[in-house]
Structure formats: C-alpha cells, structure tokens
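This is what each chain is made of:
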Protein chains: 2
Amino acid sequence: MADLPDKKTAFIDWYLAVVEGANLSDKRYGIKGMNVWTPYGFRARRNLDTVLIREIEATGSEAIEFPALIPATELAKEKEHIKGFDGQVFWVTKGGLSTLDIPLALRPTSETSMYPVFALWVRSHRDLPLNVYQVVNVWRYETKTTRPFIRIREIHFFEEHTCQANEEHATARVRSNLGAFRKMAEAFALPYLATRRPDWDKFPGAHYSIALDTPIGGPQTLQIGTVHHYRENFSRPYGIQYEAADGSQQFVHQTTFGLSERLLGAIIAVHGDSKGAVFPSAIAPHQVVVIPILGTDAGDAPARVAAEVAERLRHHGFRVHLDDGEERPGAKYYRWELRGVPLRLEVGRREAESRSVSVADRLGRKSKVALDQLERGVAERLLEFDRELTERARAAFVASYSLARTLAELAGSTTVRIVGWCGSEECGHRIETAVDGALLGTPEEELPIPVPAEVTCIACGRAEGARWAVAGQPL
Amino acid sequence: MADLPDKKTAFIDWYLAVVEGANLSDKRYGIKGMNVWTPYGFRARRNLDTVLIREIEATGSEAIEFPALIPATELAKEKEHIKGFDGQVFWVTKGGLSTLDIPLALRPTSETSMYPVFALWVRSHRDLPLNVYQVVNVWRYETKTTRPFIRIREIHFFEEHTCQANEEHATARVRSNLGAFRKMAEAFALPYLATRRPDWDKFPGAHYSIALDTPIGGPQTLQIGTVHHYRENFSRPYGIQYEAADGSQQFVHQTTFGLSERLLGAIIAVHGDSKGAVFPSAIAPHQVVVIPILGTDAGDAPARVAAEVAERLRHHGFRVHLDDGEERPGAKYYRWELRGVPLRLEVGRREAESRSVSVADRLGRKSKVALDQLERGVAERLLEFDRELTERARAAFVASYSLARTLAELAGSTTVRIVGWCGSEECGHRIETAVDGALLGTPEEELPIPVPAEVTCIACGRAEGARWAVAGQPL
C-alpha cells in the first residue's frame, strides 16, 4: 500500500499507478500499446458506452457495424485522408498461407469503409439524413510512447457518420453533436472547451474540425472528442449522390463525430486524487461498496445487515459490491478508494443495532442513513456526490486557463493560455513555438474566463481579424 | 414483391433472399465474406447479445476484452491448435511503412491471446475459478462459399474461457455452460441436440468437444455452439499454474464456450417461412409494428390512435415501430412479414371508433385488443406467439430425425439420422461416407425420437461398445 506518486508534479507516473492500482487495464500483453480490459475496466467501459449510445440515439442516430478491414484501393481515394493516415495503418497482407492480391488495412477510422456503401444506400432526398454510428475498435500504428486509454494501438472507438442534403443541414448536425456531447460530458462530470482547430491541425480530409479539450494540469490538455464537417470532400471521390426534389443530382454533405476510451482516461485524469480514481456514478463499475465491520463483540449482525443492504440496493438497480472478505476494514477502504467507488457503506455493531449504515463518499463526506430510508438515502447521496464532483471539476477547469498578452509570457506557462490571434498560419506557428505546444483553435462557445472586448494578435499586434484563441500542450 | 424461393427445395436461395429482403445484412462490401450490419440487422444482433450476456453473467462469468492481434510466437505454442488454424489466419505483417519483426495474427479465437495473461492472473487456489467471457469479432480466412451470419470471414463471436482447479470442476463448468445455453435457446425458441463430437472432429487442442446442432431441413444441420473441455492441454504450454491449499503447484483445467452470429442465421433458418423471417420476441428488432389504415372515410382518427398506441407500448418497454408512411397497407404488411415482426397492430376507422386494435401475429393468428387492455393484451399475445413458435419449431425438430439400421439406408437421407456406432474411427468414417456428411457424435442428452434399448454398430454390426449416435450433413 505505497503512496501514489504526486499528481501535480508527476502526473504521468500518478496516472499509470492509478490505472494499475485500480486494476482497470493490464498492460502485460505481449504487444506494445495493446492492453487487456480487466473485468473492472470493462465495466467502466460498458457504462461509458451506455451513456454515449443513449445520447446519440436520442438524436435519431442508428447503430450499424462495418467490417474492420478496408481494401488499400478504397483507403486511398481521398488524397488528404490517406496522407494523414499512411504512416499509422496496420496492414493485413496474408490470408492463411496465401499473399492477398490487395492488402487490407485494419481500419484506423471508417470513412473509407463506409462511404462506398453509403453511395449505394443514398439514392434520393428521401434517404436523407443518414445518421448512423458504430462502437468498434480501431487500430493505429502509434510510434509515440503509449499510455492506457490515452494513446494506444487498439482503440475502443465511437464514430458517427452522417450524410446531409446540403451544407446548412451538415452544420446543423455538427451543432446537434455538440449538444449531445454536452449531455454525455454532464454524465462524466467532465468540463471541456470546444474549439475550431486551425486549418493545419484539422482532420485529414475535413472542411473544418471542432475538438473538445479538457485541461489535465498546467498547460496540458487532452482532446476527448471531435466533430468534423466534411462538406463534399468525401462524397465526391466516393460518389455519394442523391436525386433532389427538383430531379437534379447532388452530392451529400457529410459530418462525423468521434469519441473513444480516452474519455475514460480523462475521467481518471480530471477527477482522480492522491487516493486514486474517482468515478462519477454513471461510470463507476460499482456505485456502492458495502463493508461489514466485524469487531470482536459484534456477533454476526453486521454481516447479516450488510448482506441485506447490498441485496436491497442491488434489487433497486444500483451497482453494488459486497466486500465481505477476511481483510481488515482499513485495507478494504484503501482498495475501494483507489478504485474510485463513489459511496462506501459501513455496517458495524452500532449500525446493526440502530438499523442504519454509515456512508462515506469518495470526496470524504460522511453521513448516516437509516435502513428504512436506505434506497432514497443512497440515491440522494449519489446525486450529491455527482453534484460536488462536477462543481470541483468546474472550479479546477476555470483555474486552468489564464490570459497571456505577450509571446514571452507563454514560456513556462502553468495554465492553458488564452491569446489574441489574427488567424494567420505564420502567427499561429509563432504562438505554438512560444507555448511549446499547439494552438488549439478559436472557441466555439464562451471562454471559461472573462476576456477583454478588445483583441489584438499576440504575435503581430494586429487588431484586424484578431480573435481570442486557446494555446496549450496537448498530451 | 416477388415470391421468395421455396424454402424446402431451394433452402440456400430462400435464406439469401430472406436476409437481403429483410435488410439484415448488406453483402455489397468490397471483401468476400465481410458484410455490413445494417440498422435492422444490428438491432437483432444487439438483442441476441443481450440474451447471451444475461445468461452467462447469471452463472458468475465476467466480461473482459483482449486485443485482436496475437503474436505469431504465442499462436504457435499449442501444437494441435496451430495446426487446426494455420490455414485460416489473416496476418498483419506491416505497421505504417515498416515490416513488423513478428507477424501478428488477427484472432481466429482467443486461447492464445488470453492464456499467457491468465498465467499472470492465476497464482493461488483463491484465484479460481476464473470465469471470463468476451463478445468480440474474430476473423477467419474462409475459403469455402460464404453466407451471411453462417459462414463468413469477420465473425461476431461470444467466447467464455475458464480456469478450474481440477478436471471435475472443469466438467462441472461444461455442464453449467450447457445449462446456460438451454436458457439462451429458450429465448430464441431454438431446439437443438448436444452431442460429443468424435475425436477426429473435436476443437484443435481440446480434450473433448460438445457441439450444439439444430436441423435446418433434410439431413442438414447447423452447428450453433460448442463447449470444450481442455483438461491441461493449454495450461501446460502456457504455464497456467496455481498453488493449491496444500502448497503444491498444479496446472489448471480449462473450458471454453463458443457462440456466434450464426445463432441469428439459425433463427432465420429454423423459424422463417414462405413470407420471410420470423423473429422470437426476445430477438425481434421491432416486436410490434403499428399501422394506421387510412380509408377515404376514416378521417384522422386512425392516425391519431395508432400514434397513441405506439407511444403507450414504447413507454411500457416494448420495441415498437409506427409505420405511418404513405404506402398502401398491403405493401406494409408484406414488408413487416418479410422482416419477421412478431405482432402487427392495425388501426382503421372501426378500431378507432371502438377504441381497439386488430392484432395479427406473424404466425397468422388474428384477434382484437381493447385500448384499455392494450399493454396487457400485447404482452399476452407476444407470450402466446413465442409459445406457438417454440411448439412449431419443436415439432419440426422431432420430425427432422429418423433411425437408420443399415449403411445403405443412409444414402439420400431426407432427415438427420440416428445410427448405432461402435465408437471406432474406422466405422465412423464408413458412416460419414454413407451419409455423405459427418458423424455428429454421441448424444449428451435424450434423443428427440425413441430408440430401441439394444444397439449395434450400423457399420460393423458389433454390439460391444455400441451407442446411438447422430449422422447428418453439417452446412
């Protein structure tokens, strides 16, 4: 039970220790960056997927699944796209003992597998919009250092692909996706900022890309999702056309919305503390752990009551774990704090006698709940826990941004920075050099901190065309 | 709206026409045997998975997920296993622009990915049993003709892998899996027979294999699941050992339980008829379709009542589709029969006036339900539909077997055959030749038809060691 590394000064060491200590992922598989989803980690992932699926289906999207392998010939059809992914693809070149005629790519993303088929599905304006999504794994031959959930080679992925009648409808779908993400992020208690990426950092083949970033300490940010507007960039090479009401043939405008298991990494990174992971109740593998305290004079009442409490809560629909093993209570507290369980319920002699449970939430707040109020009491405390978690995360989020007025100030930034930017690529790159990171783009919504009405470019000093933009160090 | 091919005389043509007509799978993807899960097909698959997951978790198994890629060196460790899969593996040989040092297999099954890690997870008798499962895709370089759901190259797969303390515990796990499958099959209304496969047909590396077969017409059968006992065949090469209570080191005994999307193929094949697919209510993408009948004198009451009915049923938890499009009712009836929806609810002028709905189930039975009894009435009719579907399937199942007493009788069999078999490989192969198919093995449960107490080998005539066995033509 060694202490965890310090989150502030040794973030990555802390993160790796939490993932391992909470037993969320096992990286002892024989291939770099390909990890095993443990039972506990898989439960968190399943809960995450449940939220994504609920919110995207509420916007009328339907689940589908395309094959994992993509013929090299299809992958190459959109030029920017293949340039962006060329170095990252795993190639299948043999089937059984034969060499394949056409190499097959393990999908790094699914534009090029889906769009030839979309061209068959979309024939008339009555087939639009086509809003479909899949939750699948994708593979990327990552050459940088890999990290569980955050940068890996087999990625659990969510991708919505849509076809719209025209540019305005596609823009509306982008807005709808951003609205769906707001609800997902609420369930994760994750604050974030949506920015439009600079042109040189957009998705390969996109007209523009909006990315969702969350700060994870100092100037560092984690990109936790993206929404792209493709205009006709893919529909032209893949021939996705429809007959409009007036009889003319039109190319569809497309959008995509991408999320991944990195959200789980962000949840750990943002909410975790010196004791380990902290899961919001929507994601927690166990929402409640029940621990009987078996003192020498306690008899078997605590064990009986603890089992009854666990059973009642389970029956009510909570995800509950009864930890009635032989370890001492301290060891159990330590483990379930490390593993991020929102509520710990303790039942000792006194609780058994008074028909109550002691409740400690993962943020350190303690209370009692009478057994005759058990289900309501636990539901209320979970709600309060989520509310407090959201508030703390929001306060840390706001404190993660600060304004910079000169390039010199950007050196050694201890927060993500808000800067004026004229929009030119030259000034953008000067800002990136000064912050030793990236220009994350211009905000798509209100900034987390107040900014002056007047804005000039931090690099060239021009007011003309200048807007506030965000600069930081993406992990 | 052409008629479907005849199921009895042109089974495969009928099957392919149903899968395409019901829009369950799109095979116009650019790689042989790799198909697209359409929205409707994906819903059926999701419902199927829900049943598998519910029943396996009820037996204490936990979900995990291992990487899709397996180093060639790990795949080769168990000799029979690699021999069995050598010709069927897709190989990844390149990452980005580099050739990989060790080729990576796309998993054809996951023994060789999981077991090196199981060797790390299992240390003590307290870690046993280890019962884990994953629902993932596997890939097999199939060289035979491919068929949607039945024989394909990217397979949606369910695999449980367990480690047990000794052979008896492993045998008990095999029994537990067979019990879980019985419950799954009840939800699918699928009759089947469990047989122990002859040694020459067991899973590569298994001690023995029990397979679950369902007849699909004439002598043809479809293998819809397998349960394997591995003894120590894998734990020795992969070093999965534990310290027993007495301090000694022991190898675990292992079992696996495999199912796949082929179950969906079996559901279509067994229940489907001259009008198309017939889905049991647990699997049906839509359990109920509601169709307003808009006659010239009907006004807007039918549309209003139909919408109200759909909304009430949806709210109650049924999967409901309201088909309020402009087509004539006949075209809608045809489509939803083809697509296998259990209940069709019609609302015309008379129904709207009498506050009722007309119900037609997919087996052709008609009734009325008053709106004030709607939810209960629909629930009852779904139950009755499932019951009738199960009974019809059971009757067809029993009629699919017949006894044969001579090898000559096996030629041109019009059913699956029950034969006496002495257990020798030589006689087994003579039976296989005579039936132009396979000896499916010896039953693990009561045979569907009565058999005499006395049994002699159909090939050599010996009574010694002879048992009843099943012979047919696996698809």
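In the block above lies the structure referred to throughout.
Described below are features of the structure shown in this document. Keep in mind that what you see is a predicted model, and the values were worked out from it rather than measured.

## Concerning the pattern of salt bridges
- Taken as a whole and judged by the stated rule, the model has 70 salt bridges over all chains.
- A salt bridge links R376 of chain A to E380 of chain A; its shortest N-O distance comes to 3.5 Å. With R376 of chain A and E380 of chain A both in helix 12 (residues 374-398), this residue pair falls 4 residues apart, about one helical turn.
- With a relative accessible area of 34%, E380 of chain A lands in the partly exposed category.
- Ionic pairing is found between E445 of chain B and R182 of chain B, a salt bridge with its closest N-O pair at 2.9 Å. Here E445 of chain B, found in the loop between strand 22 (438-443) and strand 23 (467-474), pairs with R182 of chain B, found in helix 6 (residues 167-188); they are 263 residues apart in sequence, far enough to count as distant.
- Of the residues examined, E445 of chain B reaches a relative accessible area of 28% and is grouped as partly exposed.

## Concerning the relation of the copies chain A and chain B
- With an RMSD of 0.0 Å, the operation that places chain A on chain B is a rotation of 180° combined with a shift of 0.0 Å along the axis. Considering both components of the superposition, the chain copies are consistent with a two-fold axis. Within chain A, V92 of chain A has its C-alpha nearest the rotation axis, a separation of 2.1 Å.
- The overlap is high: 100% of the interface residues of chain A also sit at the interface in chain B, so the same surface is used on both sides.

## Some remarks on the packing of helix 1 (residues 11-21) of chain A against helix 8 (residues 262-271) of chain A
Residues and elements named next belong to chain A.
- Remark: helix 1 packs on helix 8, axes separated minimally by 11 Å, with the N-to-C direction vectors making an angle of 115°. One way to sum up the angle between helix 1 and helix 8 is to call them roughly perpendicular. You can see that helix 1 and helix 8 cross each other, and the crossing is right-handed. Contacts between helix 1 and helix 8 involve F11, W14, Y15, V18 and V19 on the former and, on the latter, G265, I268 and A269.
- Looking at the contact of helix 1 with helix 8, its residues break down into 7 nonpolar, 1 polar and no charged.

## Concerning helix 14 (residues 425-435) of chain A
Residue and element names in this part refer to chain A.
- Burial in helix 14 covers these residues: C427, G428, I431, E432, A434 and V435. Buried residues of helix 14, viewed axially, fall in a sector of 165°; they line one side. Residues of helix 14 that are exposed and point over 90 degrees away from its buried face: E426 and T433.
- Elements that come into contact with the buried residues of helix 14 comprise helix 13 (407-410), strand 21 (416-421), strand 22 (438-443) and strand 23 (467-474).
- Downstream of helix 14 by a residue or two, D436 has a phi angle that is positive, lying close to 55°.

What counts and what doesn't
Residues numbered from 1 in each chain as written. Chains lettered and ligands numbered in written order. Predicted model: local features only at pLDDT ≥ 70, side-chain atom pairs only at ≥ 80, totals over all residues. Heavy atoms only, no water. Salt bridge = Lys/Arg side-chain N within 4 Å of Asp/Glu carboxyl O. Helix = DSSP H or I, 4+ residues; strand = E, 2+ residues; numbered from the N terminus. Buried < 20%, exposed > 50% of the residue type's maximum accessible area, 1.4 Å probe, protein only. Least-squares fit on C-alpha atoms with pLDDT ≥ 70 in both. Contact = heavy atoms within 4.5 Å. Axes fitted to C-alpha atoms, helices over the stretch in contact; angles between N-to-C directions. Parallel < 35°, antiparallel > 145°, perpendicular 65-115°, else oblique. Left-handed = near helix turned anticlockwise from the far one by under 90°. Nonpolar A, V, L, I, M, F, W, Y, C, P; charged D, E, K, R; others polar. Arc of directions from axis to C-beta.

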